[in-house]
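# What the coordinates show
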Amino acid sequence: MTLLALTAAQAAEQVRAGELAPAELWEAYRERAAADELNAFLWVADEAPASPADDAPLAGVPFAAKDLFCVRGVPSQAASRILEDYRPPYTATVVEQIVAAGAPVLGKTNQDEFAMGSSNENSGFGPVLNPWDRSRVPGGSSGGSAAAVAAGLAPWAIGTDTGGSIRQPAALCGVVGLKPTYGACSRYGMIAFASSLDQAGPLTRDVTDAALLFSAMVGKDHCDSTSVAFPEAVRRPRAEDLRGIRLGVPEELTSEAEGLEPGVRENFEATLRLAEELGAEVEPTRLPHAAHGLSAYYLIAPAEASSNLARYDGVRYGLRVEADGDLVDMYSRTRAAGFGPEVKRRIMLGTYALSAGYYDAYYGRAQRVRTKIAEDFAGAFERFDFVVTPTSPTVAFPLGARTDDPLAMYLADYCTVPMPLAGIPAISIPNGLSEGLPTSFQIAGPAFSENRILDAAYALEQAIGFDGSVPR
């Protein structure tokens, strides 16, 4: 097995066994990342890191970080021209934790601007290409991280999930993506999109790697009041079957799902049959308010984005467009030049939803729907261990196919938005191909059930036997 074919866990084991030098691993991936032809990276490190400690759990295996994670002295732009070449004086907590566990930062990956998008076409620095088919999108907003892992440009990466921004690109690129419970990982140093929804998580080649990287990311952080102590150690998944596991299949996100392609449905149903062969009980369930998740999400997230992005005004940091001493005109010119069309659209939607006379009718009502969605999941988890759905209704779609139709673009997140609205964890694992492109299976569980989700995903992963090799 060649060095770049090793999973991150396998590479770490070889480093600890003295069979592989961390410097050799670093240089191999640095060379690959520097030769990136997918526009997956916005910055690649050039200085070799110090050797990891002998007992470092991540053993010198480098990782890629989504551009919105602040890294001290390194361009951290959230893929926006308004923050072009911004170099923060501090580092995001989860990045610090991963580095402390022995994994150096390989580079910063491209994304949809301020994490607003489902295709990675909204980046201020150009779209990322899907390594399975370069005429198609990799998904978003963490498309650079997903594409880098799928193409072997990085052994693993981190992204953020607000409405599906880890799971959806993982699905379209044929890799594993874990959205943790809200609060499991610190948000400090993440350039914010929607603060009540944003959560960091891993994108990896397999479930074992996801568990290993996630174990370095969790924990209470005094810099983030929404973070909490993870209730148990994150374990390496080892389940061989699904005996005793009850899986609920929500009609609203499967049989009634918007735009569910036949190939995606076929692979989903095949995975359900495989789960039954592994001993799981599979039954239909209902999430009555899940169909309203997309509408609620696209009120709540833009409203929070409107507030979070108010700070980008040409005064404190980032781009400034001068305007002959007129402060208001300078604000307006700076934001017009610095923000892309999708960010502007969401800021306007969010500002309107929060404005006097409309708050209760839009934002307030969306929050009530959010509560109902959380209650639906809580009811389902009284009967079932997990709720399962396809991750994306479709395979990767062509570049440009949905850029003129925002609603069609938003529907890409139909199966993923209910989980962050409820604050619960979910994982996406590849489960086959349709038209030569990856499809994926999503497993969601109650808050802080990541260990059980990882075990179930691992058992299915082994049985599916997906070949994640990208056609060259």
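Before reading on, note that the structure itself is shown above.
The structure reproduced in this document is the subject of the present report. Here the structure is a predicted model, which is why all the values come from computation and not from measurement. (Residues numbered from 1 in each chain as written. Predicted model: local features only at pLDDT ≥ 70, side-chain atom pairs only at ≥ 80, totals over all residues. Heavy atoms only, no water.)

### Details of the pairing of strand 6 (residues 199-204)
- Counting buried positions along strand 6 yields six of six residues, so the element is predominantly enclosed.
- Here strand 6 shows two buried faces, one formed by Gln199, Gly201 and Leu203 and the other by Ala200, Pro202 and Thr204.
- Examined bridge by bridge, strand 4 (residues 156-161) and strand 6 share six bridges and lie antiparallel to one another. In the strand pairing of strand 6, aspartate 161 is matched with glutamine 199. (Buried < 20%, exposed > 50% of the residue type's maximum accessible area, 1.4 Å probe, protein only. Helix = DSSP H or I, 4+ residues; strand = E, 2+ residues; numbered from the N terminus. Pairing = 2+ DSSP bridges.)

### Re helix 9 (residues 327-338)
- Compared with an ideal rise of 1.5 Å per residue, which puts 12 residues at 16 Å, helix 9 spans 16 Å between its outermost C-alpha atoms and is within 8% of the ideal.
- The set of residues buried in helix 9 consists of Met330, Thr334 and Gly338. Looking straight down helix 9, one finds that the buried residues subtend no more than 45° of arc, so they occupy a single side.
- Where helix 9 begins, the capping side chain belongs to aspartate 326, and its oxygen is found 3.1 Å from the backbone nitrogen of valine 328. (Expected span 1.5 Å × (residues − 1). Arc of directions from axis to C-beta. Polar contact = N/O pair within 3.5 Å; in protein donor to acceptor, adjacent residues only side chain to side chain.)

### As for empty space enclosed by the protein
- Within the structure shown, the criterion is met by one cavity of 30 Å³ or more.
- By volume, the largest cavity amounts to about 40 Å³.
- Lining the largest cavity are Ala115, Met116, Gly117, Ser118, Gly163, Gly164, Ser165, Phe193, Tyr297, Tyr298, Arg346 and Asp413.
- Class assignment of the residues belonging to the lining of the largest cavity gives a composition of five nonpolar, five polar and two charged. (1 Å grid on protein atoms, 1.4 Å probe; cavity = no way out; pocket = protein on both sides within 12 Å on 5 of 7 lines; lining within 4 Å. Points joined across faces, edges and corners; volume = space filled by probe spheres on them. Nonpolar A, V, L, I, M, F, W, Y, C, P; charged D, E, K, R; others polar.)

### Remarks on the packing of aromatic side chains
- Counted by the stated rule, this structure contains 16 aromatic pairs.
- Considering the side-chain rings of phenylalanine 114 and tyrosine 312, the 5.1 Å spacing of their centres and the 45° angle between planes classify their relative orientation as tilted. Taken together, the residues span a long stretch of sequence, with phenylalanine 114 in the loop between strand 3 (105-109) and helix 4 (143-150) and tyrosine 312 in the loop between helix 8 (293-308) and helix 9 at a distance of 198 residues. Taken as a pair, phenylalanine 114 and tyrosine 312 share a single burial class, namely buried.
- Ring geometry for tryptophan 132 against phenylalanine 466: centres 6.2 Å apart, planes inclined by 40°, an arrangement best described as tilted. Residue tryptophan 132 is located in the loop between strand 3 and helix 4, and its partner phenylalanine 466 is located in the segment after helix 14 (450-464); the two are separated by 334 residues in the primary sequence.
- Assessed through its relative accessible area of 10%, tryptophan 132 is described here as buried.
- Through a chain of ring-to-ring contacts, three or more aromatic side chains come together here, namely Tyr86, Phe114, Tyr312, Tyr317 and Phe339.
- Positioned over the ring face of phenylalanine 397 is arginine 402, at 4.0 Å from the centre of the ring. (Phe/Tyr/Trp six-rings, centres within 6.5 Å; stacked < 30°, edge-to-face > 60°. Lys NZ or Arg CZ within 6 Å of the ring centre and 35° of its normal.)

### Things to note about the nonpolar core
- One finds Phe69, Phe114, Ile158 and Ile443 to be the most contacted residues of the largest nonpolar core, which totals 148 residues.
- It is helix 8 that provides the largest number of residues to this core, a total of eight residues. (Core = buried A, V, L, I, M, F, W, Y, C linked by side-chain atoms within 4.5 Å.)

### Topic: unusual backbone geometry
- For the bond running from glycine 140 to serine 141, omega is 10°, close enough to zero to count as cis.
- By secondary structure assignment, the location of serine 141 is in the loop between strand 3 and helix 4.
- The phi dihedral of alanine 115 falls on the positive side, at around 65°, and the residue is not glycine.
- Here alanine 115 is to be found in the loop between strand 3 and helix 4.
- For glutamate 435, which is not glycine, the phi torsion reads 60° and is therefore positive.
- Along the polypeptide, glutamate 435 turns up in the loop between strand 10 (426-434) and strand 11 (437-444).

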